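# Reading the structure
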Amino acid sequence: MAAQEEEDSITMEPHQLEIPTRRVKNIMKLDKDINKVNSEALHLIACSTELFIEFLAERSARVSLEKKKKTIRLEHLRVAVKRHQPTGDFLLSSLPKPSQPSDQQLLKDRVKVRPAEKPVPFATRRIDAFFQKCT
């Protein structure tokens, strides 16, 4: 009788997935070695993917809160992955590299720092023009 109750407690309803299984199946079929995907295997992979995404989101949210930010950015995800060694071993090389400020961005920043040049009133000239050598 106890074995019957134990069996009943083990069989549970399938977990309702948030992630679309059709996309998971298409991604799995991108591998040339996989021809057919069993529905049970597809469900397990989809559940595992959801759990992994949830894990990464929680870790990244924790990092963003530590840095007193309200939005999770790529740098927060990168730090979360670095802190968890097993995840970092396979995922860190797949994340995009942190962007370095480009030369154009640096020039834009410099322009923002300078005070805006106002137009010179009529019949006047700038002081720096006065001190330039006339030839």
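Refer to the structure presented above.
Below: a short report on this structure. The shown structure was predicted, so the numbers you read here are calculated from the model rather than taken from an experiment. (Residues numbered from 1 in each chain as written. Predicted model: local features only at pLDDT ≥ 70, side-chain atom pairs only at ≥ 80, totals over all residues. Heavy atoms only, no water.)

Within the sequence span of helix α4 (residues 74-83), burial applies to H76, R78, A80 and V81. Against the buried residues of α4 lie α3 (39-66) and α5 (85-91). (Buried < 20%, exposed > 50% of the residue type's maximum accessible area, 1.4 Å probe, protein only. Helix = DSSP H or I, 4+ residues; strand = E, 2+ residues; numbered from the N terminus. Contact = heavy atoms within 4.5 Å.)

Here E50 is to be found in helix α3. Distance from E50 to E18, taken between C-alpha atoms, is 7.5 Å for residues 32 residues apart in sequence. A polar side-chain atom of E50 sits 2.8 Å from the main-chain amide nitrogen of I19. (Polar contact = N/O pair within 3.5 Å; in protein donor to acceptor, adjacent residues only side chain to side chain.)

This paragraph deals with the pattern of salt bridges. By the definition in use, this model includes one salt bridge. A salt bridge links E66 to R83; the nearest nitrogen and oxygen atoms lie 2.9 Å apart. Remark: R83 occurs in helix α4 and E66 occurs in helix α3; sequence separation between them is 17 residues. (Salt bridge = Lys/Arg side-chain N within 4 Å of Asp/Glu carboxyl O.)

Attention shifts here to the packing of α3 against α4. Where α3 meets α4, the closest approach of the two axes is 8 Å, and the angle between their N-to-C directions is 110 degrees. When the interaxial angle is binned, α3 and α4 end up roughly perpendicular. In the packing of α3 onto α4, the handedness of the crossing is right-handed. Contacts from L56, R59, S60, V63, S64 and E66 of α3 reach α4 at H76, L77, V79, A80, V81 and R83. Taken together, the residues of the contact of α3 with α4 break down into six nonpolar, three polar and three charged. (Axes fitted to C-alpha atoms, helices over the stretch in contact; angles between N-to-C directions. Parallel < 35°, antiparallel > 145°, perpendicular 65-115°, else oblique. Left-handed = near helix turned anticlockwise from the far one by under 90°. Nonpolar A, V, L, I, M, F, W, Y, C, P; charged D, E, K, R; others polar.)

Once that is clear, we can look at the nonpolar core. Core analysis: the largest hydrophobic core is formed by seven residues, namely L17, V24, M28, V37, L42, A46 and C47. For this core, the elements supplying multiple residues, two or more each, are α2 (21-29) and α3. With three residues, α3 is the largest single contributor of residues to this core. Not counting chain neighbours up to four residues away, the residues in contact with L42 comprise T21, V24, K25, M28 and V37. (Core = buried A, V, L, I, M, F, W, Y, C linked by side-chain atoms within 4.5 Å.)

So, on to the packing of aromatic side chains. A full pass over the atoms with the stated rule returns one aromatic pair. With a centroid separation of 5.9 Å and an interplanar angle of 40 degrees, the aromatic rings of F52 and F90 are classed as tilted. Pair noted here: F52 is in helix α3 and F90 is in helix α5, with a separation of 38 residues, a long-range link. Residue F52 is classed as partly exposed on the basis of its relative accessible area, which comes to 28%. Taking the relative accessible area as the measure of exposure, F90 reaches 48% and is therefore partly exposed. (Phe/Tyr/Trp six-rings, centres within 6.5 Å; stacked < 30°, edge-to-face > 60°.)

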